[in-house]
Amino acid sequence: LTILIDDGDLNLRAREADVALRTHETLQSDLVQRQIMSFPLKIYASEAYVQRFGKPLSVVDLRNHRVVGYAPVPLLTHLTINWLFDAFAKQEKKPLIPTAETDHLIGVANMVRAGVGIAALPSFVLNEHDFVPSATGHHLVPLLQDVQEPDLSIYFVYPVELRSSKRVKAFRDFLTEEANAAG
């Protein structure tokens, strides 16, 4: 089993991979997709950030804060990950400019841990150590908990011709079971 980590869309029809996990629905009719899990995109900052800059009181108050964004790969159109910027623009009628951006979710999470700013993060990029208070202040603090956040859905995608593949079915079932067990 070979696993490639890539934020871009590998061409499954050209067999760049047999299956893919994607954070967006596919529009290609020759691909099978199944949502196998979803994660709420909760808002976090490090304790060190909160100590230095305070907590935002609302989405609009983010204009007074440093916000970290996800710079999407050009071929991808899903922007759920940047929902915080969309929520601000909807209320303020102008864009919220990110303090920093990266094209990888782990990079966004690491910037938040380091105190660069605030971001919406899915739980799969976090671990139990992120919430244990530390002398460095790099543990995470949830913010704006009254704001309704969207979910980031994960889709298992594969070519139609692999529909009857026992390996694909076994891998899909394994991922689904693990996602369900994780809650």
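Attention now goes to the overall build of the chain. Helix and strand content of the chain: four helices and seven strands. Secondary structure of the chain in N-to-C order comes out as β-β-α-β-α-β-α-β-β-β-α. In terms of overall dimensions, the chain has a C-alpha envelope of 55 × 35 × 25 Å along the principal axes. Look at the contacts in the chain between residues 6 or more apart in sequence, and 73% of them connect residues 24 or more apart. Of the accessible surface of the chain, which amounts to about 10700 Å², a share of 52% is contributed by carbon and sulfur atoms. Of the charged side chains in the chain, 18 are positive and 22 negative; the average position of the first set lies 2 Å away from that of the second.

Looking now at the nonpolar core. Counting 36 residues, the largest nonpolar core has Leu62, Trp83, Ile118, Leu121 and Leu143 as its most contacted members. Looking at this core, the elements with two or more residues in it are strand E2 (31–46), helix H1 (47–53), strand E3 (68–70), helix H2 (83–92), helix H3 (105–113), strand E5 (119–122) and strand E6 (140–143). In this view, Leu121 contacts Pro40, Leu41, Lys42, Tyr44, Val108, Ala109, Val112, Leu126 and Leu140; residues no more than four positions away in its chain are not counted. Counting nine residues, the second-largest nonpolar core is a separate cluster that includes Val32, Ile154, Phe156 and Tyr158.

All of the buried residues along H2 are Trp83, Leu84, Phe85, Ala87 and Phe88. Buried-residue contacts for H2 involve E2, E3 and E5. Remark: Lys93 follows H2 within two positions and exhibits a positive phi of approximately 65°.

For Ala100, the location among the structural elements is in strand E4 (residues 100–102). Ala100 sits 78 residues away from Arg22 along the chain, and the two C-alpha atoms are 24 Å apart. Excluding anything up to four places from it in sequence, Ala100 contacts Val67, Val68, Gly69, Met111 and Val116.

Attention now goes to the pattern of salt bridges. What the rule picks out here adds up to six salt bridges. In this structure, Glu149 engages Lys42 in a salt bridge whose closest nitrogen and oxygen atoms are separated by 3.4 Å. With Glu149 in the loop between E6 and strand E7 (151–159) and Lys42 in strand E2, this residue pair connects regions lying 107 residues apart in the sequence. On the basis of relative accessibility, which here comes to 18%, the residue Glu149 falls in the buried class. When the shortest N-O distance is used, the salt bridge between Arg63 and Glu92 registers 2.5 Å. Placement of the pair is Arg63 in the loop between H1 and E3 and Glu92 in helix H2, with a sequence separation of 29 residues. Judged by its relative accessible area of 46%, Arg63 is partly exposed. For Glu92, a relative accessible area of 23% corresponds to the partly exposed category. Connected through shared salt-bridge partners, Lys169, Arg172 and Asp173 make up one network.

Parameters at a glance
- Residues numbered from 1 in each chain as written.
- Predicted model: local features only at pLDDT ≥ 70, side-chain atom pairs only at ≥ 80, totals over all residues.
- Heavy atoms only, no water.
- Helix = DSSP H or I, 4+ residues; strand = E, 2+ residues; numbered from the N terminus.
- Contact = heavy atoms within 4.5 Å.
- Areas by Shrake-Rupley, 256 points an atom, 1.4 Å probe, with all protein chains shown as cover.
- Lys, Arg positive; Asp, Glu negative; His and termini not counted.
- Charge placed at Lys NZ, Arg CZ, Asp CG, Glu CD.
- Core = buried A, V, L, I, M, F, W, Y, C linked by side-chain atoms within 4.5 Å.
- Buried < 20%, exposed > 50% of the residue type's maximum accessible area, 1.4 Å probe, protein only.
- Salt bridge = Lys/Arg side-chain N within 4 Å of Asp/Glu carboxyl O.

Distances and angles like these do not, on their own, reveal function.
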